[in-house]
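Close look at the chain arrangement
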Amino acid sequence: MKRTFIQNPSYLSVLRSTLATLVLACIAFIGAQGQGKSTSLNKVVARVDNYYILRSELEEYMIQAQSQAQGQQAPTMCQALERLIVNKMLLAKAEIDSVIVEDKQIESQVAARMDYMAKRFGSEKNIIEAYGKSIEALKYELREPIKQEMIAEKMQSKITEAIKVTPNEVKKFFNSIPKDSLPYIPAEVEIGQIVRYAKVTKAQNDELRARLLDYKARVEKGEDFTSLASAYSEDLGSAQQGGDLGFAKRGDMLPEFEGASLKLKPNEISDPIETEYGLHLIQLLETRGAEYHARHILLRPDYNRMDMSAPKKVLDSLYNLIKTDTLKFEKVAKTWSEDKNTADAGGLLKDQQSGSSRLPLDASMDYGLFMMLDTMKVGTISAPMNYRTDDGKTAMRIIYYKSKVEPHTASLKDDFEKLTNIVLANKKTEAVDKWFKKAIEDVFIKVDPEFQGCKMMGINLQDN
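What comes next is a walk through the structure. (Residues numbered from 1 in each chain as written. Predicted model: local features only at pLDDT ≥ 70, side-chain atom pairs only at ≥ 80, totals over all residues. Heavy atoms only, no water.)

1. Quick word on the overall build of the chain
Convention followed: Strands here are runs of E lasting at least two residues and helices are runs of H or I lasting at least four, both read from the DSSP assignment and numbered beginning at the N terminus. The buried label applies to any residue whose accessible area, calculated with a 1.4 Å probe on protein chains only, is under 20% of its type's maximum; exposed applies above 50%, and partly exposed to all values in between. The contact rule is simple, with two residues in contact once any of their heavy atoms fall within 4.5 Å.
When helices and strands are counted, the chain shows 16 helices and 15 strands. Counting every position in the chain, which comprises 464 residues, the buried fraction comes to 46%. Restricting the contact set of the chain to residue pairs at least 6 apart, pairs at least 24 apart contribute 69%.

2. Side note on the sheet that holds strand 6 (residues 273–275)
The test is simple: Two strands form a pair only when DSSP identifies at least two bridges running between them. Each axis is a line fitted through C-alpha atoms, and for a helix only the stretch in contact is used; angles between axes span 0 to 180 degrees, taken between their N-to-C directions.
Within the open sheet, the 4 strands sit side by side as 5-8-7-6. Their pairing is antiparallel. A single partner strand is all that each edge strand has here, and the edge strands are strand 5 (244–249) and strand 6. Adjacent strand axes in the sheet meet at a mean angle of 45° when their direction is disregarded. By the bridge criterion, 4 bridges tie strand 5 to strand 8 (residues 291–299) in an arrangement that is antiparallel. When the sheet's bridge partners are listed, K249 is paired in strand 8 with E291. Sitting on the sheet, helix 8 (residues 202–220) touches strand 6, strand 7 (278–288) and strand 8, and the angle it makes with strand 7 is about 35°.

3. Regarding helix 12 (residues 309–323)
Operational definition: What a helix should span is 1.5 Å times the count of its residues minus one. Each direction from the helix axis to a C-beta atom contributes to the arc, which is the arc of those directions.
Taking 1.5 Å as the rise per residue, helix 12 with 15 residues should run 21 Å; its terminal C-alpha atoms sit 21 Å apart, in good agreement. Of the positions making up helix 12, those classed as buried are P311, L315, L318, Y319 and I322. End-on, the buried residues of helix 12 take up no more than an arc of 105°, which puts them together on one face. Buried residues along helix 12 sit in contact with strand 4 (188–197), helix 13 (329–336) and strand 11 (394–405). Just downstream of helix 12 lies D325, where phi reads positive at about 60°.

4. What to know about the packing of helix 12 against helix 13
Quick note on the threshold: Here is the rule for angles: anything less than 35 degrees is roughly parallel, anything more than 145 is roughly antiparallel, 65 through 115 is roughly perpendicular, and the remaining ranges are oblique. Crossing handedness is defined as follows: a turn of the near helix away from the far one that is anticlockwise and smaller than a right angle gives a left-handed crossing, while the clockwise case is right-handed. Residues are grouped as follows: Ala, Val, Leu, Ile, Met, Phe, Trp, Tyr, Cys and Pro are nonpolar; Asp, Glu, Lys and Arg are charged; every other residue, Gly included, is polar.
Put simply, helix 12 and helix 13 touch, their axes get as near as 10 Å, and they point 155° apart. As the angle between them shows, helix 12 and helix 13 are arranged roughly antiparallel. In the packing of helix 12 onto helix 13, the handedness of the crossing is right-handed. Contacts between helix 12 and helix 13 involve V314, L318 and I322 on the former and, on the latter, F329, V332 and W336. Grouping the amino acids of the contact of helix 12 with helix 13 by side-chain chemistry returns 6 nonpolar, no polar and no charged.

5. Overview of the nonpolar core
Inside soluble globular proteins, nonpolar side chains tend to come together where they are buried. In plain terms, the rule: For the purposes of this section, nonpolar cores are sets of buried Ala, Val, Leu, Ile, Met, Phe, Trp, Tyr and Cys residues that join through side-chain atoms within 4.5 Å.
In terms of nonpolar packing, the biggest core is built from 46 residues, with L81, I85, M89, M114 and I445 touching the most fellow members. A per-element tally of this core places helix 3 (residues 77–96) first, with 10 residues. Contact partners of M89, with chain neighbours within four places excluded, come to V48, W435, F436, A439, I440, V443 and I445.

6. Overview of the packing of aromatic side chains
Using the following cut-off: Here a Phe, Tyr or Trp ring, Trp counted by its six-membered ring, pairs with any other such ring whose centre lies within 6.5 Å, and the pair is stacked when the planes are under 30 degrees apart, edge-to-face when over 60, and tilted otherwise. By definition here, charges over rings are those cases where NZ of Lys or CZ of Arg is within 6 Å of the ring centre and within 35 degrees of the ring normal.
Summed over the entire model, instances satisfying the criterion amount to 2 aromatic pairs. Here Y215 and Y232 contribute two aromatic rings whose centre-to-centre distance is 4.8 Å and whose plane-to-plane angle is 15°, an arrangement assigned as stacked. One end of the pair, Y215, is in helix 8; the other, Y232, is in helix 9 (residues 225–232), and 17 residues separate them in sequence. When its relative accessible area of 33% is taken as the criterion, Y232 is described as partly exposed. Between R397 and the ring centre of Y387, over which it is positioned, the NZ or CZ distance is 3.9 Å.

7. So, the pairing of strand 7
Here strand 7 lies mainly inside the structure; 8 of its 11 residues are buried. Where strand 6 lies against strand 7, 3 bridges are found, and the strand directions are antiparallel. Directly across from I273, in strand 7, lies its bridge partner H280. Between strand 6 and the antiparallel strand that follows it, strand 7, lie 2 residues. The antiparallel hairpin formed by strand 7 and strand 8 contains 2 residues in its connecting segment, where G289 sits at a positive phi of about 65°.

8. As for the state of the cysteines
Note the cut-off: Disulfides are defined as pairs of cysteine sulfur atoms found within 2.5 Å of each other.
For the structure on display, the rule yields 1 disulfide. Note on cysteine connectivity: C78 is disulfide-linked to C454, with sulfurs 1.9 Å apart. Linking C78 and C454, the disulfide has an S-S dihedral of approximately -65° and is accordingly described as left-handed. Taken together, the residues C78 in helix 3 and C454 in the loop between strand 13 (445–447) and strand 14 (455–456) connect sequence positions 376 residues apart.

9. Side note on the pairing of strand 4
Within strand 4, 9 of the 10 residues are buried, which leaves it mostly tucked inside the rest of the structure. Here 2 bridges tie strand 4 to strand 9 (residues 359–360), and the two strands are oriented antiparallel to one another. Bridging from a neighbouring strand, E188 pairs with P360 of strand 9.

10. Quick notes on the sheet that holds strand 10 (residues 385–388)
Pairing between the strands of a sheet comes from backbone hydrogen bonds, and it takes one of two forms, parallel or antiparallel. Within the open sheet, the 4 strands sit side by side as 9-4-11-10. Their pairing is antiparallel. Strands at the two margins of the open sheet, each flanked by one partner only, are strand 9 and strand 10. Here helix 12 sits on the sheet and contacts strand 4 and strand 11; the angle it forms with strand 4, its principal contact strand, is near 135°.

Below, the structure is given as structure tokens:
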């Protein structure tokens, strides 16, 4: 019987997928309620201590898992329930072990999810129309599942953080696979990029500054800063708290923001301060040792009205220097690319799960990038082109087609990094299995009679 190991995920990656699915399920359920749909899917199918699994979560997880299977076998209903129960087990044990996540981190993730939704729907107005609820209401309803997601991830990391893999373990694992069972690896590529962001036009910058100065004048005349922040700030994570960012340690915030904040006296308001996120009006509330407490109103530029002349000029010059071999792409990327996620790696794009620079050349890749590579040869670079970042910013970039690994049968030499990740995933899975079998004694689990025949890691649920 042949085995496929390349797609075998660690419990950490399964957890991330499961938790992301739960947040999507929450969004879908919120939308269903807002549109007056039946809530019959809200039946409780399992309980782990004080945490509940709804049929809506289970159904949504199954739908997502099937759509992401990509030729692999999707989990059964029992397997899906197992993964959701493991998630709730992590939460229950995290509560027992006092594993917590700071509110500031949670608010940051809520803001990121709302930004993603705004990008997906085109605008906040479209979100409100789609779900029939205000942005504030949606954020409130998303906060708890996102908090649970982050706590479960932290608990998972705590269980597996000490696990390491040696080269001998990788070699032993590879040698244990029958030669006729070695999987066929699809084509993979290494891609680099040099990114330059479009700049805010002077007219737009002046417009945003004028608005913030107007808010400052209104506060000085007696209006409440928190009310203005709630009404006008485009920082979705803090607007609901009246712009309050809580206490921050030195180095937590962007240098421009922190520098301006620490120059203020308590209750004093700054002039508009520009950072990579937009323009801020800052009010310092208090300082406490090495910490300071501030709130702000953020106005973001309209990315459709950005000035592309500066990034085009820079990238045109860099393109010519690289083409004539005057400068190497990696060095240019480290020095000139404004994408912090890739610049330090010489511009290389990396898989977010594994950290590998080898990306599958398949439908999982951005369609525009996939089509571009189809017209390029390995070792070449593209001319500067317009680019919209994942967080919606307007930019330009140069693409470097560094290498391509043709489809092949897995080998120890060519796929050592991939094999290492699989061995590490297997060891983490074993650690979670062991942890689960011990932790199950400390928590109460009850499942709906429909699922009492399911087994989790060899344990029949009805026996617990």
